[in-house]
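# Geometric and topological summary
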Amino acid sequence: MTSGTKDYDFPKTFRDAMALPECDFKSIFGQQAVKGWRDIRQIEAFFRCLTEPVHVIELGCGAGWHSLYIAMSLGFRDHENRYDAYDVSEEAWRVSEFSKRIGARITFHCSHDVFKQPVDALGDGSGKKVLYCDIGPEDIVKFAPALRSWDYIIVHDWKQKNYKAAVQKLIEGGVVAYFEQETWERTGEHMGFVRL
Ligand SMILES: C[S@@+](CC[C@H](N)C(=O)[O-])C[C@H]1O[C@@H](n2cnc3c(N)ncnc32)[C@H](O)[C@@H]1O
């Protein structure tokens, strides 16, 4: 299991923070984050190209600041989007409380092992889903088949978590296809797919 925030040395002084290259500065709303601005650009670009309401289901949200950031950016849209963020740890309790205070449209499910839930427990079946996988290859393997045609899947840590081998089987089995592979590959650590 990869822990959300513990492996990153958050700069504590002004000088340390300013010494980091911009893309390596991993902070959202001033809170320590796992993803840097390169990741955020990719995710923003992806969601910007979607024109219909979506239900985002994030598997492995860690401390949750990145999830809140995406949910808030979706909140600027004209249509209603939903966001459910899951993690087996309790790390997101703080952002969960904060998100309720500011009325953000996101629900955090802390201490929730997604592998203990049935695949059809992903939402209520309505609307277009974006499954956001950040646990490891086993999350896309289990949950991608449960999606409907033309739902989206994005994975984080594409180059690090050995997703490629697992995804290759799904591609060969006609379950998913790449969503603009070259563009994602050029720009960072995310990769996108569509459910066939
Ligand atoms: C790489 S981290 C996620 C980072 C987070 N998405 C972010 O941007 O800050 C992977 C997360 O998966 C969670 N995780 C691992 N196994 C899980 C499981 N069975 N159910 C839910 N979450 C799990 C871990 O607790 C960890 O927070």
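Look above for the structure.
To start, this report covers the structure provided alongside it. Worth saying up front: this structure is predicted, and the values here are computed from it rather than measured. Each chain has its residues counted from 1, running along the sequence as written. Predicted model: local features are reported for residues with pLDDT of at least 70 only, side-chain atom pairs are reported and counted for 80 or more only, and whole-chain, interface and lining totals are derived from all residues.

## Here we look at the overall build of the protein
Helix numbers and strand numbers start at the N terminus; a helix is a DSSP run of H or I with at least 4 residues, a strand a run of E with at least 2. Helix and strand counts for the protein come out as 7 helices and 9 strands. Within these notes, the globule rule equals 2.2 Å times the number of residues to the 0.38 power, and the radius of gyration is based on C-alpha atoms. A globule of 196 residues ought to have a C-alpha radius of gyration of about 16 Å, and the protein, at 16 Å, matches this closely. With respect to the principal axes defined by its C-alpha atoms, the protein has extents near 50 × 35 × 35 Å. When the 196 residues of the protein are sorted by exposure, 37% land in the buried category. Residue burial is a threshold on neighbouring C-beta atoms within 10 Å of the residue's own C-beta, all placed from the backbone, with 20 or more meaning buried, 12 or fewer meaning exposed, and counts in between meaning partly exposed.

## Here we look at the sheet that holds strand β8 (residues 176–178)
Here, any two strands with at least 2 DSSP bridges between them count as paired. The strand order across the open sheet formed by 7 strands is β5-β4-β3-β6-β7-β9-β8, and the pairing between neighbours is mixed. What marks the edges here is a single partner per strand, and that holds for β5 (107–109) and β8. Within the sheet, the average angular offset between the axes of one strand and its neighbour, ignoring direction, is 20°. Where strand β7 (residues 152–155) meets strand β9 (residues 191–195), 4 bridges bridge the pair, whose relative direction is antiparallel. Opposite I153, over in β9, you have F193 as the bridge partner. Throughout, a residue-residue contact means that the two C-beta atoms, derived from backbone geometry, are no farther apart than 7 Å. To get an axis, fit a line to the C-alpha atoms, keeping to the stretch in contact for a helix; angles then go from 0 to 180 degrees between the N-to-C directions. Along the sheet, helix α3 (residues 65–74) makes contact with β3 (54–59) and β4 (82–86), crossing β4 at roughly 175°.

## Here's the deal with the pairing of β7
Of the two faces of β7, the one lined by Y152 and I154 and the one lined by I153 and V155 are each fully buried. Two strands pair when backbone bridges link them, and strand β6 (residues 128–133) and β7 are joined in this way by 4 bridges, in the parallel orientation. Residue C133 lies in a different strand from β7, and its bridge partner there is V155.

## Brief notes about the packing of helix α2 (residues 37–48) against α3
Interhelical geometry of α2 versus α3 gives an angle of 30° and a closest axis separation of 11 Å. Classified by the angle their axes make, α2 and α3 are roughly parallel. Along this stretch, α2 crosses α3, giving a crossing that reads as right-handed. Here I43, E44 and F47 of α2 come into contact with α3, specifically with I70, S73 and L74. Amino acid classes used here: Ala, Val, Leu, Ile, Met, Phe, Trp, Tyr, Cys and Pro are nonpolar; Asp, Glu, Lys and Arg are charged; the rest, including Gly, are polar. Classifying every residue of the contact of α2 with α3 gives 4 nonpolar, 1 polar and 1 charged. For classification, angles of less than 35 degrees are called roughly parallel, those exceeding 145 degrees roughly antiparallel, those between 65 and 115 degrees roughly perpendicular, and all remaining angles oblique. Rotating anticlockwise by less than a right angle from the far helix to the near helix defines a left-handed crossing, while the corresponding clockwise rotation defines a right-handed one.

## What to know about the nonpolar core
In this description, a nonpolar core means buried residues of the types Ala, Val, Leu, Ile, Met, Phe, Trp, Tyr and Cys, linked to one another by C-beta atoms lying within 7 Å. Counting 45 residues, the largest nonpolar core has L59, L131, Y132, C133, I140, A144 and I153 as the members making the most contacts within it. Looking at this core, the elements that each hand over two or more residues are β3, α3, β4, β6, α5 (137–143), β7, α6 (163–172) and β9. Looking at this core element by element, the count peaks at 6 residues for α3. Setting aside anything within four residues of it in sequence, one finds L131 in contact with I57, F143, A144, L147, D151 and I153.

## Notes on the pairing of β4
Summarising burial for β4: 4 of the 5 residues are buried, a large majority. Where β3 meets β4, 5 bridges bridge the pair, whose relative direction is parallel. Its bridge partner being in β4, I57 is matched across the sheet by D84. Here the term right-handed applies to a crossover when the path leading from its first strand over the helix to its second strand runs clockwise, the strands being oriented away from the viewer. Once the chain exits β3 it traverses α3 before rejoining the sheet at β4, and the crossover so formed is right-handed. Crossover β4 to β5 through helix α4 (residues 93–101) is right-handed.

## A look at the environment of V114
Inspection of the secondary structure puts V114 in the loop between β5 and β6. Assessed through the 22 C-beta atoms surrounding it within 10 Å, V114 is described here as buried. Sequence separation between V114 and F179 is 65 residues; the distance between their C-alpha atoms is 25 Å.

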